[in-house]
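So the chains spell out like this:
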Amino acid sequence: MRLLIDVGNTSLKAVLWHNQQAQPADLNNLPWPQITEVVYACVGRSDLLKKLLAQAAKHHIACYEATVTKTLQGLSCAYEQVSNLGIDRWLALIAGFTLHPNQACILVDAGTATTIDVLTSEGQHLGGWILPGLDLMTSSLTQNTQRVFDDEKTPFENQLGKNTPNGLKNGALVATIGAVEQAKLHLGVQNSTKTVQIVFAGGYGALLQQQFEGSIFDSLLVMKGLNFWRDLSKTS
Ligand SMILES: Nc1ncnc2c1ncn2[C@@H]1O[C@H](COP(=O)(O)OP(=O)(O)O)[C@@H](O)[C@H]1O
Ligand SMILES: CC(C)(COP(=O)(O)O)[C@@H](O)C(=O)NCCC(=O)O
Ligand SMILES: [K+]
């Protein structure tokens, strides 16, 4: 049984991977005797991660931190400085590449930041974008202007705004939708029979997924990437 840990800028997530399945992990009551290895990825800061790694060490369990490499099996990274690419983005690419073989993909991880990564059907990462996440987009405006205000009850909708919270929230949503549309252009899917699989993950992934027909939401995308990373990096 593997303990998989993904530390983002807002939260730490962990699952237990056993018999090809993810089970929720109770961090206060982990089944250490059954855990064979810990595989983790971290783009944030986390004292909780340090504590978990210390507990694993106490139980003599091997821990592996996922890293970005120029290539992994048939997948290649667009960055010149590969270590600058967020590991969560690389793991989303690994998951997309493995779960959708020979299929062009756009991986969208909508958390604190929204990242959009473009992957060809041949496994070439063409690059991507980092946008403020939906909450950061709205809070940066409410915090830096006098008159732009938000409220709790206004949803994010793909519509014109007719009051301030509406204009603010909908603006953040359509900016994000527009970026995903731009990503498609880099795969030449317009005016062609090529298809692209758009995969959403992260706290706002389910909301965004509803805006794109044929797209999917996979809350475990980064976890699956972590699991594949460990398997693939053993054999490469
Ligand atoms: N149902 C939800 N569950 C968790 N986070 C959500 C949800 N809906 C919106 N969010 C927002 O998603 C962000 C957290 O997403 P997450 O993918 O966990 O981030 P990170 O990977 O950066 O830690 C926060 O801005 C949070 O407000
Ligand atoms: C862009 C990110 C902050 C996204 O992190 P998250 O929203 O999941 O917390 C993370 O992938 C990161 O720190 N990236 C490093 C810069 C880069 O990818 O180029
Ligand atoms: K993200």
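This one's a predicted model, so the numbers in the text were calculated from it and none came from an experiment. (Residues numbered from 1 in each chain as written. Chains lettered and ligands numbered in written order. Predicted model: local features only at pLDDT ≥ 70, side-chain atom pairs only at ≥ 80, totals over all residues. Heavy atoms only, no water.)

Visitor: Explain the packing of aromatic side chains residue by residue, including any values.
Guide: Here the structure, examined in full by the defined rule, presents two aromatic pairs. Seen in terms of ring centroids, Phe156 and Tyr204 are 5.5 Å apart; in terms of plane orientation they differ by 75°. Their pairing is edge-to-face. Separated by 48 residues along the polypeptide, Phe156 in the loop between helix H3 (134–144) and helix H4 (164–185) and Tyr204 in the loop between strand S11 (196–201) and helix H5 (205–209) bring together distant segments of the chain. Owing to a relative accessible area of 22%, Tyr204 belongs among the partly exposed residues under this scheme. On the basis of an interplanar angle of 35° and a centroid distance of 5.6 Å, the ring pair of Phe200 and Phe212 is categorised as tilted. (Phe/Tyr/Trp six-rings, centres within 6.5 Å; stacked < 30°, edge-to-face > 60°. Helix = DSSP H or I, 4+ residues; strand = E, 2+ residues; numbered from the N terminus. Buried < 20%, exposed > 50% of the residue type's maximum accessible area, 1.4 Å probe, protein only.)

Visitor: If you had to explain the packing of H3 against H4 to someone new, which residues and values would you point to?
Guide: If you want to describe how two helices pack, look at the angle between their axes and the distance between the axes. Packing of H3 against H4 brings their axes to within 9 Å, and their N-to-C directions diverge by 135°. One element, H3, and the other, H4, form an angle in the oblique class. The handedness of the crossing between H3 and H4 comes out as right-handed. Across the interface between the two elements, Leu134, Met137, Thr138, Leu141 and Thr142 of H3 pack against Leu168, Lys169, Ala172, Leu173, Ala175 and Thr176 of H4. (Axes fitted to C-alpha atoms, helices over the stretch in contact; angles between N-to-C directions. Parallel < 35°, antiparallel > 145°, perpendicular 65-115°, else oblique. Left-handed = near helix turned anticlockwise from the far one by under 90°. Contact = heavy atoms within 4.5 Å.)

Visitor: So what's going on with the layout of surface pockets? Which residues, and what values?
Guide: By volume, the largest pocket amounts to about 630 Å³. For the largest pocket, the lining is made up of 33 residues, of which Lys13, Asp88, Asp109, Gly111 and Thr112 are closest to its centre. For the lining of the largest pocket, the secondary-structure elements that each account for two or more residues are strand S1 (2–7), strand S2 (12–18), helix H2 (87–99), strand S8 (104–110), strand S9 (113–119), H3 and helix H6 (221–235). Take the lining of the largest pocket: its biggest share by element is three residues, from H6. Residues that form the lining of the largest pocket fall into these classes: 15 nonpolar, 12 polar and six charged. Here the lining of the largest pocket spans two domains, since at least three of its residues come from each of domain 1 (2–65) and domain 2 (102–220). (1 Å grid on protein atoms, 1.4 Å probe; cavity = no way out; pocket = protein on both sides within 12 Å on 5 of 7 lines; lining within 4 Å. Points joined across faces, edges and corners; volume = space filled by probe spheres on them. Nonpolar A, V, L, I, M, F, W, Y, C, P; charged D, E, K, R; others polar. Domains from an automatic or database assignment.)

Visitor: Provide a residue-level description of the UniProt feature "binding site: substrate" (unreviewed entry) in the protein, including the pertinent values.
Guide: In the numbering adopted here, UniProt assigns the feature "binding site: substrate" (unreviewed entry) to Tyr79, Gly86, Ile87, Asp88, Arg89 and Thr164. The greatest C-alpha distance among the annotated residues, which extend across 86 residues, is 38.9 Å, indicating that they are dispersed rather than converging on a single site. Residues that both appear in the annotated list above and line the largest pocket are Tyr79, Gly86, Asp88 and Arg89. Along the chain, Ile87 turns up in helix H2. Given the relative accessible area of 8%, Ile87 is considered buried. When residues no more than four places from it in sequence are discounted, the contact partners of Ile87 are Ala41, Cys42, Val43, Ala66, Thr67 and Val68. Here Thr164 shows up in helix H4. You can call Thr164 partly exposed: its relative accessible area is 31%. (UniProt positions renumbered as here; feature names shortened; annotations may be inferred.)

Visitor: An account of the coordination of the potassium ion (ligand 3) is needed here, citing residue identities and associated values.
Guide: Taken together, Asp109 (O) and Ala113 (O) make up the full set of protein donors to the potassium ion (ligand 3), lying 2.9 Å away. Of the residues examined, Ala113 reaches a relative accessible area of 29% and is grouped as partly exposed. (Donors = N, O, S within 2.8 Å, 3.2 Å for Na, K, Ca; no water.)

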